[in-house]
Amino acid sequence: MPLLDRRRRVSFAVPVLVAAGLTLTLGAFLQMRAANREAERAQHERQFAQFHDALTERIGSHALLLRTLRSAFSDARPATRDAFAAAVRPMMPLYPGLWSVTWVRRVPPAEVPALEAEMRAAGRKDFVVQDGGDAREAPTAPPGSSLGDLFVNTLVEPEHGGAFTQGVNILSLPNRAEVLARACASGDLTATEALPPRQQGETGRSIGLYLPVYRYPVDEMDGADRCAEVAGYVASVFGIARLLEEAGNRVDGLHGAVHLLDGPAGDGGRVLASRDLDVPSANREGVPFGEIRKEGETVVERDLVIGGRRWTLALAIPPEPRLTPADYPAWIVLVMGLLLTGALAGYTRREAQAKRFLVTEARARAAMARALRESEERFRMALRHSRVAVFSLDRNLRYMWMYNPQTGRAAENFIGRTNAGIHAPDDAARLDAVKRGVLDSGTGARQEVRIGTAPGPEQVFDLIVEPLRDEAGAVSGVICAAIDISDGVRIREALAEAHAEAERANRAKSRFLAAASHDLRQPFQAMSLFHHILSARLSDAKQREVADKLGEAIAAGNTLLNTLLDTSALEAGNVKPRPTVFPFQDIADRLNREFAEQAASKGMVLRMVPTSAYVLSDPVLLERMVRNLLVNALRYAGTGTILLGCRRRDGQALVEVWDTGPGIPTDQLKLIFDDFYRCGTDQRDSGRGLGLGLSIVRRTANILGHQVDVRSRVGKGTVFSIAVLMVGDRHHPLPEEPSTSVASA
């Protein structure tokens, strides 16, 4: 029972401690947050007061400028243009918001012509006294002044682009009579209402200040008498928005938007100028303040007096976010209180979880270490039984790490050294060039390099170089893999040398056969001569039969020898074409006479289509090509018709040989021009030739620059064509398509 009571007390005490901790934490948090909010509001008000003082100071500096200028016009002598400019121009850069400064001179109507003449004589040729306001509004003179006197802008700085226009009667401008009257009666600075922009180049609204200048001291005079002694006014115009900007630049840390209103914010005052201290905002001039005020904003107001007019300066402070830097201490207290309370309630549970986590983590680390060792062993095993060396270098191309199981040198002999201290100068320069290129470009490279080794043969490596980057992404070195491919390179070079040797032997064979062609043909010519003499002397039928077979053997051997010699001559390059222009019909006639009887003896018909085409080619070589095509047709067609013709196509003469033989399968069309290839024939059948006829046609066509083509259909026949340049026509144009006889063939 005591143990059970103790457990109950513990279980009851924990919720109480948690509730007390939460209550204290939340109370401290709310109290600190409220204090922070109050401090922030007080800070905003202090900064806004500084802004108000800075703005008042800037306005006072404008008033001081006018009071300084008034002393220059109090003299009985009128101020000159140069003196006015010398007094005003040095002051303008000190007032960025100042648009214009002017001298408004009092002029009786009778003196207007004299004033215009005076100004024109001073160099202002376009000076004219004029009204600048609404003509429908009759100007009113200030009290005490002579009826009809004008107040004219005679001196203006800057002369061009300012807010004042020279020669304008100020009384003609709206509301200026009331302003001048108050100024001359009070003898002090008087401000106009907020003025909208009047000309191009002005941005935002402006305020005009007028300060009267008297002919005589007026301290003892009343208002009306003072106005009678006014000689003129010194006036200035400054931009309100620029003035706000100047004041804002002198106050740090102020947040929100500052508005200059023409009345109290709560009574519908309109915005004259604004400056958002946080982010750029749209133009709000002329808008009632209540329409732009956002929900939750705090507004702080202060009166601003400018030249006897009262304005309202309002600061709209946006609502504070829920989490601000000033609230960090309160949130820290809240979080720490919650953490401490949670720690007190869950200490035992966290302790148990921590123990279980440590055990699990220890097991996981052991498994990871075991897997890492196995992976490293597999990596080392793979590299140990391969011909790969892996290493890294820094930006100075010094070896930093290496694993080279295949080389006979220890890795320690490379670490800290460069290639210049390890390899021969030429080898080191080649290696450094590859790696330096990767360091400069940041792009990997792969190149085959040769390294000489003094004790043994030269080694060849396939060098792979990749950039090694640091945490910032900059190239800090290179990592390389060198694969020993020396054996493969030696085999490749041996194969290349063997292939070159075979090519040299083949060319030597071709040159030998081409050079010995006359000596090889001479015995066959002698045998043919003796065969004819022998045949003429034989009278017995059986002996003649043997002699005829001997003649066939001699003819077959001569044909095969000529074919081999022609092929060798073409391969050796001994055949030089001699192109000329000639009628193709001459070749067709000779071949027709030569092969007509041979075709008839085999039961075939040779037909020739006459042509009038003149072609550009070597007549001997072209005739040899067509002869080989005819021999091929007689040899493989078996029966049917052979057609020889020439027709025009695309500016060329297409020489064609048609046959109605068995045709050639599609998969063999590209093979029939190879050496020693005989389509559909027993390769041991020497009666069908060596398979070099079409090969000679292909080689000859390459020499002449002609194109050879073949079309065939199995069971229908085959067409061989040679495209020859056509340069003329003897009688009439050639038909575009084969004649009826060709088509039927």
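Sequence order as written defines the numbering, with residues in each chain counted from 1. Side-chain atom pairs in this predicted model are given and counted only at pLDDT of 80 or more, local residue features only at pLDDT of at least 70, and totals for whole chains, interfaces and linings cover all residues. With hydrogens and water set aside, each side-chain value is computed from the structure's full complement of heavy atoms.

Numbered from the N terminus, helices here are DSSP runs of H or I no shorter than four residues, and strands are runs of E no shorter than two. When helices and strands are counted, the chain shows 17 helices and 23 strands. Of all 745 residues assigned to the chain, the portion counted as buried reaches 39%. Residues count as neighbours in contact if any of their non-hydrogen atoms are within 4.5 Å of one another. The contacts in the chain between residues at least 6 apart in sequence include a share of 65% that link residues at least 24 apart. Note on classification: 1.4 Å probe, protein chains only; a residue is buried when its accessible area is under 20% of the maximum for its type, exposed when over 50%, partly exposed between these limits.

To continue, consider the sheet that holds strand 8 (residues 257-261). Strands sit in the order 9-8-11-10 across an open sheet of four strands; the sheet is antiparallel. Of all the strands in the sheet, just strand 9 (271-276) and strand 10 (298-306) have a single pairing partner and so form its edges. Neighbouring strand axes in the sheet, compared pairwise and without regard to direction, differ in orientation by 20 degrees on average. Pairs of strands are assigned from DSSP output, requiring at least two bridges between the strands. Pairing analysis gives five bridges linking strand 8 to strand 11 (residues 309-317), with the strands arranged antiparallel. Looking at strand 11, one finds that L261 is bridged to T312. Across the face of the sheet, helix 6 (residues 240-249) comes into contact with strand 8, strand 9 and strand 11 while running at roughly 35 degrees to strand 9. Structural elements are reduced to axes, namely lines fitted to C-alpha atoms, with helices fitted over the stretch in contact, and the angle between N-to-C directions of any two is expressed from 0 to 180 degrees.

It is characteristic of soluble globular proteins that their nonpolar side chains tend to be buried jointly. If you look at the biggest cluster of nonpolar residues, it comprises 44 residues, and the most contacted ones within it are F51 and I306. Broken down by element, this core gets its largest block of residues, 10 residues, from helix 1 (residues 2-73). Residues within four places of F51 in sequence aside, it is in contact with L244, A247, G248, V251, L254, V258 and L313. Throughout this description, the term nonpolar core refers to a set of buried Ala, Val, Leu, Ile, Met, Phe, Trp, Tyr and Cys residues connected via side-chain atoms within 4.5 Å. In terms of nonpolar packing, the next biggest core, distinct from the first, is built from 40 residues, A599, L644, V655 and V657 among them.

With that settled, consider the side chain of E116. Looking at the secondary structure, you find E116 in helix 3 (residues 112-121). Neither His nor the chain termini are counted; the positive set is Lys and Arg, and the negative set is Asp and Glu. Counted as salt bridges are all cases of a side-chain nitrogen of Lys or Arg within 4 Å of a carboxyl oxygen of Asp or Glu. Summary of buried charges: E116 has no salt-bridge partner, and the nearest side chain of opposite charge, R120, is 4.2 Å away.

A word on the confidence of the model for the chain. Every residue gets a pLDDT, meaning the predictor's confidence in that residue, from 0 to 100. With 79% of its residues at a pLDDT of 70 or more, the chain shows a mean pLDDT of 78. Mean pLDDT across the elements of the chain ranges from a minimum in helix 17 (residues 740-744), with 32, to a maximum in strand 17 (residues 580-583), with 91. Confidence drops under pLDDT 50 across residues 3-10; counting only partners more than four residues distant or on other chains, this segment forms zero contacts. Of the regions scoring below 50 in pLDDT, residues 682-687 engages in six contacts with residues more than four places distant in sequence or in other chains.

All right, on to the environment of R713 then. Position of R713 relative to the elements: it lies in strand 22 (residues 707-713). When the C-alpha positions of R713 and I664 are compared, they lie 6.5 Å apart, and in sequence the two are 49 residues distant. What R713 contacts, discounting residues up to four positions off in sequence, is P662 and G663.

Glancing now at helix 10 (residues 425-441). One less than the number of residues in a helix, times 1.5 Å, gives the span that helix is expected to have. Along its 17 residues, helix 10 runs 24 Å from first to last C-alpha, staying within 8% of the 24 Å computed at 1.5 Å per residue. For helix 10, the set of buried residues is D427, A428, L431, V434, K435, V438 and L439. Each buried residue of helix 10 sits inside an arc of 140 degrees when the element is viewed along its axis, so together they form one side. Opposite its buried face, helix 10 presents the exposed residues P425, D426 and D440, each directed more than 90 degrees away. Tucked into the core, helix 10 has its buried residues touching strand 12 (388-394), strand 13 (399-403), strand 14 (445-451), strand 15 (459-469) and strand 16 (475-484). Here the arc refers to the directions that run from the helix axis out to each C-beta atom.

This brings us to the state of the cysteines. We call a pair of cysteine sulfur atoms a disulfide whenever their separation is within 2.5 Å. Across all of its chains, the model carries one disulfide by this definition. Sulfur-sulfur distance for the disulfide between C184 and C227 comes to 1.9 Å. Residues C184 and C227 are joined through a disulfide that is right-handed, its torsion about the S-S bond being 75 degrees. Of this pair, C184 sits in helix 4 (residues 176-186) while C227 is found in helix 5 (residues 223-228), placing the two residues 43 residues apart along the sequence. For C184, a relative accessible area of 1% corresponds to the buried category. Given the relative accessible area of 2%, C227 is considered buried.

Let us look at the side chain of Q585. Positionally, Q585 belongs in helix 14 (residues 584-601). Since its relative accessible area comes to 9%, Q585 is described here as buried. In the analysis that follows, any N or O atom pair within 3.5 Å is treated as a polar contact, provided that within protein one partner can donate a hydrogen and the other can accept it, and provided that, for residues neighboring in sequence, both atoms belong to side chains. Among the polar contacts made by the side chain of Q585, one reaches the side chain of D589 at a distance of 2.7 Å.

The next point concerns the pattern of salt bridges. Using the criterion set out here, one finds 24 salt bridges in the structure. As a salt-bridge pair, R365 and E361 come within 3.1 Å of each other at their nearest N and O atoms. Remark: E361 and R365 occur in helix 9 (residues 347-384); sequence separation between them is four residues, near one turn of the helix. Given the relative accessible area of 55%, R365 is considered exposed. Judged by relative accessible area, which is 26%, E361 ranks as partly exposed. With a shortest N-O distance of 3.0 Å, E623 and R627 are connected by a salt bridge. Placement of both E623 and R627 in helix 15 (residues 619-637) is noted, with a separation of four residues, approximately one turn of the helix. Overall, the relative accessible area of 24% leaves R627 in the partly exposed class. Each of the salt bridges in this network shares a partner with another, and the network as a whole consists of R590, E594, E623 and R627.

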